Amino acid sequence: MIDALNLALSHTWETLKYVFLVYAIGLLLERIYRAEKDQPWQHIAFNLIYTIPFIFLTHLLVPPLSAITAPLIAGYGGWLPVTLPESFGWQLLQGLLYFFTFDFFYYWLHRLQHKSPWLWAQHKLHHAERSLNVTTGQRHHWLEEPLRVFIVFLPFGMVFTITPPVISWLWTGLLLWGYMIHLNLRVPFGPLTRVFTGPQVHRLHHSIKPEHTDVNFAAFFPIWDILFGTYVAPKHDEWPATGLHDGEDLNHPIKSMLSPFRDWWRMARSGR
């Protein structure tokens, strides 16, 4: 147990250096042409602080679970192997294929998180964000990553063998997409809006407007939303307010960590 804690602390420190560098760059970019002005600094400060325990608990909980799924994938998975040459063009295609197929499994987990009251109790911390910005990218409950091990990575690995690009900077650039879609930056994608998920499309997913409830689940490619009937295209210059419909505020150290347990207890007591 001590070794696991020390390893998690070590990985947390290395990850935080990368994440806070991304935050710094993103927050600077957001000063150029903000989608939402005058965001309270307290909202960003909460996310900065919350990032630390979130990343630590992720590094602590995910490796033991991955140790369970890895032998299953190695022994029985990889029905459809995809390996492309190492030149830049082929590696870019391999990276896009990796995230395209990953996004399919992510889409269904994400949609289930909105439809299931039990999973929504866990996911709503992310949607309680009233000041959508680059730091929202790590604003997830600490039980979400362990859930993804079984509902996203396990089925993904059982079906496909697609390795990430061998070009490290290309792989890093693709990983940054999760931060990019949360940017408080007024950058419409124009004709590419239906091809790649951008900040405007994803902002509708976080919108408090009733007509935007449960839409735009895909993280990378809107094609999954288009195919399964959950896509809503943003209107010209549409950047709605974000947060929970009931206005619940989870920007509190105890509330953010324990919120789903409180909701699960209430549902269990009511027999739901």
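Above this text sits the structure in question.
Residues numbered from 1 in each chain as written. Predicted model: local features only at pLDDT ≥ 70, side-chain atom pairs only at ≥ 80, totals over all residues. Heavy atoms only, no water.

Caption draft 1: Molecular detail of the overall build of the protein. Counting its regular elements, the protein contains 10 helices and two strands. Listing each helix as α and each strand as β along the protein from the N terminus yields α-α-β-α-α-α-β-α-α-α-α-α. Here the protein has a C-alpha radius of gyration of 19 Å; the compact-globule value for 272 residues is 19 Å, and the two agree. Projecting the C-alpha coordinates of the protein onto the three principal axes gives extents of approximately 50 × 45 × 40 Å. The buried share of the protein, taken over its 272 residues, is 47%. (Helix = DSSP H or I, 4+ residues; strand = E, 2+ residues; numbered from the N terminus. Rg over C-alpha atoms; globule rule 2.2 N^0.38 Å. Buried < 20%, exposed > 50% of the residue type's maximum accessible area, 1.4 Å probe, protein only.)

Caption draft 2: Quick peek at the pattern of salt bridges. Inspection of every chain in the model, using the stated rule, returns 14 salt bridges. For Lys 17, the salt bridge goes to Glu 14, with nearest N and O atoms at 3.4 Å. Taken together, the residues span about one helical turn, with Lys 17 and Glu 14 both in helix H1 (residues 2-29) at a distance of three residues. You can call Lys 17 partly exposed: its relative accessible area is 41%. Of the charged contacts in the structure, one is a salt bridge between Arg 186 and Asp 237, with a shortest N-O distance of 2.7 Å. (Salt bridge = Lys/Arg side-chain N within 4 Å of Asp/Glu carboxyl O.)

Caption draft 3: Seen up close, the layout of surface pockets. Here the largest pocket is characterised by a volume of approximately 1,100 Å³. Along the wall of the largest pocket there are 36 residues; nearest its centre are Gln 138, Glu 145, Arg 148, Phe 153 and Leu 175. Elements supplying a minimum of two residues to the lining of the largest pocket: H1, helix H2 (41-76), helix H3 (88-115), helix H5 (144-159), helix H6 (168-175), helix H7 (177-180) and helix H8 (199-206). In terms of residue count, the dominant contributor to the lining of the largest pocket is H2 (seven residues). Its residues placed into classes, the lining of the largest pocket shows 20 nonpolar, 14 polar and two charged. (1 Å grid on protein atoms, 1.4 Å probe; cavity = no way out; pocket = protein on both sides within 12 Å on 5 of 7 lines; lining within 4 Å. Points joined across faces, edges and corners; volume = space filled by probe spheres on them. Nonpolar A, V, L, I, M, F, W, Y, C, P; charged D, E, K, R; others polar.)

Caption draft 4: Broad picture of the nonpolar core. Grouped together as the largest cluster of nonpolar side chains are 23 residues, with contacts concentrated most on Tyr 50, Val 134 and Tyr 179. Counting residues per element, the ones that place at least two in this core are H1, H2 and H7. In terms of residue count, the dominant contributor to this core is H2 (seven residues). Among all residues touching Val 134, those that are not within four sequence positions of it are Val 22, Tyr 23, Gly 26, Leu 27, Glu 30, Tyr 179, His 182 and Leu 183. (Core = buried A, V, L, I, M, F, W, Y, C linked by side-chain atoms within 4.5 Å. Contact = heavy atoms within 4.5 Å.)

Caption draft 5: Molecular detail of empty space enclosed by the protein. Here the structure, examined in full by the defined rule, presents one cavity of 30 Å³ or more. Approximately 30 Å³ is the volume found for the largest cavity. As for the largest cavity, its lining consists of Phe 189, Thr 193, Phe 196, Gly 198, Gln 200 and Val 201. For the lining of the largest cavity, the residue count by class is three nonpolar, three polar and no charged.

Caption draft 6: Here's a closer look at the side chain of His 205. Tracing the chain through its elements places His 205 in helix H8. Polar side-chain contacts of His 205 include one of 2.9 Å to the side chain of His 110. The residues contacting His 205, other than those within four sequence positions of it, are His 110, His 114, His 127, Val 215, Asn 216 and Phe 217. (Polar contact = N/O pair within 3.5 Å; in protein donor to acceptor, adjacent residues only side chain to side chain.)

Caption draft 7: Highlighting the packing of H3 against H6. At a closest axis distance of 10 Å, the pairing of H3 and H6 adopts a crossing angle of 30°. Our classification of the angle between H3 and H6 gives roughly parallel. Viewed along their axes, H3 and H6 form a crossing whose handedness is right-handed. Within the contact between the two elements, H3 uses Phe 88, Gln 91, Leu 92, Gly 95, Tyr 98 and Phe 99 and H6 uses Trp 169, Leu 170, Trp 171, Leu 174 and Leu 175. (Axes fitted to C-alpha atoms, helices over the stretch in contact; angles between N-to-C directions. Parallel < 35°, antiparallel > 145°, perpendicular 65-115°, else oblique. Left-handed = near helix turned anticlockwise from the far one by under 90°.)

Caption draft 8: Quick look at the packing of aromatic side chains. Counted according to the given criterion, the structure contains 27 aromatic pairs. Consider the rings of Tyr 50 and Phe 54, whose centres lie 6.2 Å apart with planes at 20°: the pair is stacked. Taken together, the positions of Tyr 50 and Phe 54, both in helix H2 and four residues apart, correspond to about one turn of that helix. Residue Tyr 50 shares its accessibility class with Phe 54, and that shared class is buried. Seen in terms of ring centroids, Phe 100 and Phe 221 are 5.4 Å apart; in terms of plane orientation they differ by 70°. Their pairing is edge-to-face. With Phe 100 in helix H3 and Phe 221 in the loop between H8 and helix H9 (223-227), this residue pair connects regions lying 121 residues apart in the sequence. Residue classification places Phe 100 among the partly exposed residues on the basis of a relative accessible area of 30%. Classification of Phe 221 by relative accessible area gives buried; the value is 10%. (Phe/Tyr/Trp six-rings, centres within 6.5 Å; stacked < 30°, edge-to-face > 60°.)

Read these as spatial facts, not as claims about activity.
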